[in-house]
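Coordinate analysis (summary)
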Amino acid sequence: MPELLLELFSEEIPARLQRRAAEDLKKAVTNALVENGLVYESAGAFATPRRLALTVTGLPAGSPDTREERKGPKVGAPQQAIDGFLRGAGLDSIDQAKIQSDPKKGDFYVAVIEKKGAPAIDILKDVLPGAVKSFPWGKPMRWGSGRLEWVRPLRAITATFGPDGEEPEIVPFEIDEIASANTTYGHRFMAPEAIKVRRFDDYVQALEKAHVVLDIDRRKDIIRSDANQLAFAQGLELIEDEGLLEEVAGLVEWPVVMMGSFDEAFLSVPEEAIIATIRANQKCFCLRDSTTGKLANKFILTSNLIAEDDGKTIVAGNERVIRARLSDAKFFYESDLATPLADNLPKLENVVFHAKLGTQAERVARIEKLAAEIAPLVGADVEDAKRAAKLSKADLPTGMVGEFPELQGLMGRYYALAQGEKPEVAAAIEEHYKPLGPSDRVPSDPVSIAVALADKLDILTGFWAIDEKPTGSKDPYALRRAALGVIRLIADNGLRLSLGKFVSDKDLLSFFHDRLKVSLRDAGARHDLVDAVISADSDDILQIVNRVNALGSLLAAEDGIALLAGYKRAVNILVAEEKKDGKAYTGDLDNAALTLSEEQVLSAAIDLAATDVSARLEADDYAGAIASLASLREPVDAFFEKVLVNDDDPAIRTNRLNLLARLRDTMHLVADFGKVAG
């Protein structure tokens with residue numbers, strides 16, 4: 001079957017946009033093909049710095065004939081409705097529609113729309129330019145005198161279509177005086193000449209000969225493999241950086257990996273600062289000594305060409321730039337070290353955190369006060385927590401953090417340690433931002449926990465107070481991340497902490513509940529179990545987590561499944577009878593009216609379980625309370641097997657309904673089983 005090859009050749013596309021752009025191209029074209037009746041077998045999208053490419057295989061030679069019946073308005077409907085129907089159906093007159101009758105709805109118009117199929121190449125010459133002109137670049141621009149909005153100037157279009165074994169046709173169309181053709185271009189420097197191509201297989205091979213690796217993942221593999229081999233040969237290890245690898249693979253079409261070095265004197269600068277400098281300025285990878293694990297004075301660079309001098313000039317150029325950048329970093333570091341962190345605090349008075357929430361200095365004061373309140377609750381020294389909170393933002397005015405904002409906190413730790421602060425205080429300065437995401441490490445030192453919680457709770461309560469809450473997908477102040485951070489700090493460290501002491505806004509507490517539900521579901525918990533244990537005033541994160549886990553264990557066992565079925569049956573009976581009787585059953589029993597052994601046994605079991613569950617919940621033994629409920633399984637089963645609830649005797653019936661109400665209320669001590677599916 002025929003195959004489509006499309007390439008959009010341009011000036012360099014930003015690396016961060018390439019992978020998404022390739023997928024957007026595939027989606028736009030394949031969706032349009034299907035809408036036009038051209039189904040296909042497979043599609044693949046590719047990107048290099050100078051091209052987006054698409055192959056679609058298994059296309060038919062043309063679209064099939066179609067016949068559609070489109071229902072219209074009733075006969076006698078207003079003329080406006082009929083005119084709209086005619087326009088939508090493409091009819092000139094209502095006489096072209098037929099009338100159908102419906103026994104209930106009467107007579108109505110129906111348009112029969114028959115459409116002849118079209119050759120695939122005719123469809124493609126309309127679909128492809130449409131996909132290009134409507135391409136969803138984030139910030140497209142017009143270039144030169146053309147009208148096309150594209151991320152960078154478009155230089156050529158390759159578009160061929162045809163079956164295996166035959167010379168494919170050029171799909172004819174033109175965009176901004178660029179006509180589609182069957183030619184592409186190789187590497188900008190090593191093979192810039194035009195290359196004639198037919199279909200995807202020979203296109204890929206021709207590009208390889210012209211020093212272009214089409215697949216970004218293959219370029220990544222080449223860079224990773226060659227870098228590791230170079231490092232291994234020198235007794236070094238590559239510091240993995242997937243984000244940088246993705247970016248570098250988007251900067252080159254023909255990756256050539258080389259190694260450079262810098263003066264060992266720069267190793268006196270913290271390694272994170274060295275890595276950030278080399279990464280940000282030269283897009284190079286850093287290395288460690290495989291024996292000591294220490295940062296090496298070597299780096300890996302990726303060139304886009306094979307140099308005549310084996311890359312000596314390229315390496316020297318990178319070394320020269322890195323030397324200058326590391327000199328700056330060393331200057332920043334040494335200058336920052338000479339200034340005590342506490343001396344930076346007055347500078348925070350001139351840094352606005354938020355127009356409605358004051359300066360960074362005011363925020364630090366709030367965090368310090370809050371950390372002092374939290375510290376005893378998490379086992380932290382109050383004075384250490386206050387000191388760490390006070391210095392938590394003191395590295396923001398430093399030269400190093402000004403140059404590399406991503407090093408905030410980390411540089412504060414380095415400076416604090418060098419200036420004689422306690423290790424716990426220094427660690428908290430770095431760790432109070434954590435966790436920054438689901439894969440980030442959660443602080444475990446009590447001082448770090450206290451300051452991290454204070455930082456996040458201040459953000460949340462502050463923005464809630466000024467009514468700046470997340471809406472839909474918008475969360476400019478990362479409040480969802482802050483709430484998840486609080487949840488992970490509490491849950492991962494096994495802390496019994498009442499959020500109600502720090503969160504007075506019910507809406508904010510509900511926001512925590514929503515984030516906790518997301519967190520638990522991501523961890524594999526059933527959503528219905530989360531809903532069952534969370535009430536509107538639940539403010540103990542660890543308790544909620546433990547309850548969900550214990551409830552999950554109960555309902556994973558046979559006893560739990562059977563007990564849940566008994567509960568559902570009891571509640572269904574109660575709901576029906578309460579509706580019929582117009583009153584609620586409260587569980588007040590007349591023990592003398594318990595005539596059958598099964599109801600007597602169930603009553604005794606409920607009494608015992610209620611007492612035990614209450615005691616265990618008081619002792620915070622939720623798992624034990626769950627186990628007590630499990631003991632009700634057999635008496636509940638026996639009751640429903642032998643006892644008729646709606647007895648003819650009204651007194652017996654009432655008593656048995658009250659017994660079921662007591663079962664329901666006892667189980668609700670543990671969770672709202674009505675929200676549990678099953």
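Anything mentioned here points back to the structure above.
These numbers come from a predicted model, not from an experiment. Within every chain, residues take consecutive numbers counted from 1 along the sequence as written. Given that this is a predicted model, residues contribute local features only at a pLDDT of at least 70 and side-chain atom pairs are listed and counted only at 80 or more, while totals for whole chains, interfaces and linings are drawn from all residues. The side-chain quantities take in all heavy atoms of the structure and omit both hydrogens and water.

The subject of this paragraph is a positive patch on the surface. Note that patches include only residues with greater than 30% relative accessible area and no salt bridge, and the join distances are 9 Å for like charges and 5 Å for nonpolar side chains (Val, Leu, Ile, Met, Phe, Trp, Tyr). Computed with a 1.4 Å probe, the accessible areas rest on the Shrake-Rupley method; for each residue, only the protein chains presented here act as cover. The working definition used for a salt bridge is a side-chain nitrogen of Lys or Arg within 4 Å of a carboxyl oxygen of Asp or Glu. All tallies of charge rest on Lys and Arg as positive and Asp and Glu as negative; His and the ends of each chain are not included. For this purpose, a charge sits on NZ of Lys, CZ of Arg, CG of Asp or CD of Glu. On the surface, a cluster of positive charge is made up of Lys71, Lys74, Lys104 and Lys105. Working definition: helices are DSSP H or I runs of at least four residues, strands are E runs of at least two. Numbering for both runs from the N terminus. Along the chain, Lys105 falls in the loop between strand E5 (98-102) and strand E6 (106-115).

Moving on, we get to the nonpolar core. Put simply, buried Ala, Val, Leu, Ile, Met, Phe, Trp, Tyr and Cys residues joined by side-chain atoms within 4.5 Å make one nonpolar core. Only protein chains enter the accessibility calculation, which uses a 1.4 Å probe. A residue is then buried if its area is under 20% of the maximum for its type, exposed if over 50%, and partly exposed in between. Membership of the largest hydrophobic core comes to 133 residues, with the highest contact counts inside it found for Met400, Leu453, Leu460, Phe512, Leu551 and Phe673. The leading source of residues in this core is helix H14 (residues 446-465), at 12 residues. Contacts are assigned to residue pairs that have any heavy atoms within 4.5 Å of one another. If we ignore the near neighbours within four places in the chain, the residues touching Phe673 are Leu551, Leu554, Leu564, Tyr567, Lys568, Leu629, Met667 and His668. Core analysis: the second largest hydrophobic core is formed by 38 residues, Val29, Ala32, Leu38 and Ala47 among them.

Moving on, we get to the sheet that holds E5. With antiparallel pairing, three strands are arranged side by side in an open sheet as E4-E6-E5. On the outer flanks of this sheet lie strand E4 (66-74) and E5, each paired with one strand and no other. Ignoring strand direction, the axes of neighbouring strands in this sheet form an average angle of 35°. Pairing between strands is defined by DSSP: at least two bridges between them are needed. As defined by bridge partners, E4 adjoins E6 across seven bridges and the pair is classed as antiparallel. Of the residues in E6, the one forming a bridge with Glu68 is Ile113. Structural elements are reduced to axes, namely lines fitted to C-alpha atoms, with helices fitted over the stretch in contact, and the angle between N-to-C directions of any two is expressed from 0 to 180 degrees.

Before going further, it helps to examine unusual backbone geometry. A negative phi angle is the norm for most residues apart from glycine, just as the trans form is the norm for most peptide bonds. Here the amide bond leading from Lys434 into Pro435 is cis, since omega sits at -5°, within 30 degrees of zero. The residue Pro435 is located in the loop between helix H13 (423-431) and H14 in this model. Backbone geometry at Asp467 places phi at a positive 60°, although glycine is not the residue there. We note that Ala478 has phi near 55°; this positive angle belongs to a residue other than glycine. Residue placement: Ala478 occurs in the loop between H14 and helix H15 (479-492).

Any two of the Phe, Tyr and Trp rings considered here, Trp counted by its six-membered ring, make a pair once their centres fall within 6.5 Å; the pair's planes then place it as stacked at under 30 degrees, edge-to-face at over 60, or tilted in between. In this structure the tally under the stated criterion is 13 aromatic pairs. Measuring from ring centre to ring centre gives 5.7 Å for Tyr567 and Phe673, while their planes differ by 50°; the resulting arrangement is tilted. Pair noted here: Tyr567 is in helix H19 (residues 558-581) and Phe673 is in the segment after helix H23 (650-668), with a separation of 106 residues, a long-range link. Each ring, one from Phe639 and one from Phe640, has its centre 5.4 Å from the other, and the planes form 80°; the classification is edge-to-face. The rings of Phe46, Phe200 and Tyr203 are connected pair by pair, giving a single aromatic cluster. It is Lys71 that lies over the ring of Phe108; its NZ or CZ is 4.6 Å from the centre. Think of it as a cone above the ring: NZ of Lys or CZ of Arg counts as a charge over the ring if it is within 6 Å of the ring centre and within 35 degrees of the ring normal.

With that settled, consider the packing of helix H9 (residues 360-378) against helix H10 (residues 382-391). Contact pair H9 / H10: the axes reach a minimum separation of 8 Å and the direction vectors enclose 155°. It follows that H9 is roughly antiparallel to H10 by the angle criterion. For the element pair H9 and H10, the recorded crossing hand is right-handed. In this structure, H9 uses Val364, Ile367, Glu368, Ala371, Ala372, Ala375 and Pro376 to contact H10, whose residues at the interface are Val382, Ala385, Lys386, Ala389 and Lys390. Angle categories are assigned with fixed cut-offs, so that under 35 degrees is roughly parallel, over 145 is roughly antiparallel, 65 to 115 is roughly perpendicular, and the rest are oblique. Rotating anticlockwise by less than a right angle from the far helix to the near helix defines a left-handed crossing, while the corresponding clockwise rotation defines a right-handed one.

Take helix H2 (residues 79-89) next. Residues that lie three or four places apart on an α-helix share one face, since the helix turns once every 3.6 residues. Those residues of H2 not exposed but buried are Ile82, Phe85, Leu86 and Ala89. Buried residues in H2, looked at end-on, bunch into an arc of 100°, giving them a common side. Relative to its buried face, H2 has exposed residues pointing more than 90 degrees away, namely Gln80 and Arg87. Those residues of H2 that are buried lie in contact with E4 and E6. Working note: the arc is built from the helix axis to C-beta atom directions.

Before going further, it helps to examine the side chain of Arg51. You can see Arg51 is positioned in strand E3 (residues 51-57). The class for Arg51 is buried, based on a relative accessible area of 0%. Side-chain polar atoms of Arg51 contact the side chain of Glu7, separated by 3.1 Å. Here a polar contact means two N or O atoms within 3.5 Å. Within protein one must be a hydrogen donor candidate and the other an acceptor candidate, and residues neighboring in sequence count only if both atoms are side-chain atoms. Among the polar contacts made by the side chain of Arg51, one reaches the side chain of Thr184 at a distance of 3.2 Å.

Attention shifts here to the pattern of salt bridges. Scanning the entire structure with this criterion turns up 56 salt bridges. Across the pair Arg19 and Asp217 runs a salt bridge whose closest N-O atoms are separated by 2.9 Å. With Arg19 in helix H1 (residues 15-35) and Asp217 in helix H5 (residues 216-233), the pair connects residues that are 198 residues apart, well separated along the chain. A salt bridge links Glu246 to Lys220; the shortest N-O distance between them is 2.9 Å. Of this pair, Glu246 sits in helix H6 (residues 242-249) while Lys220 sits in helix H5; the two residues are 26 residues apart in sequence, bridging distant segments of the chain.

We now examine the environment of Arg67. In this structure, Arg67 sits in strand E4. Considered as a pair, Arg67 and Ile113 are 46 residues apart in the sequence and their alpha carbons are 5.7 Å apart. Apart from residues lying up to four places away in sequence, Arg67 is in contact with Lys98, Val112, Ile113 and Glu114.

Coordinates in, geometry out; function isn't part of it.
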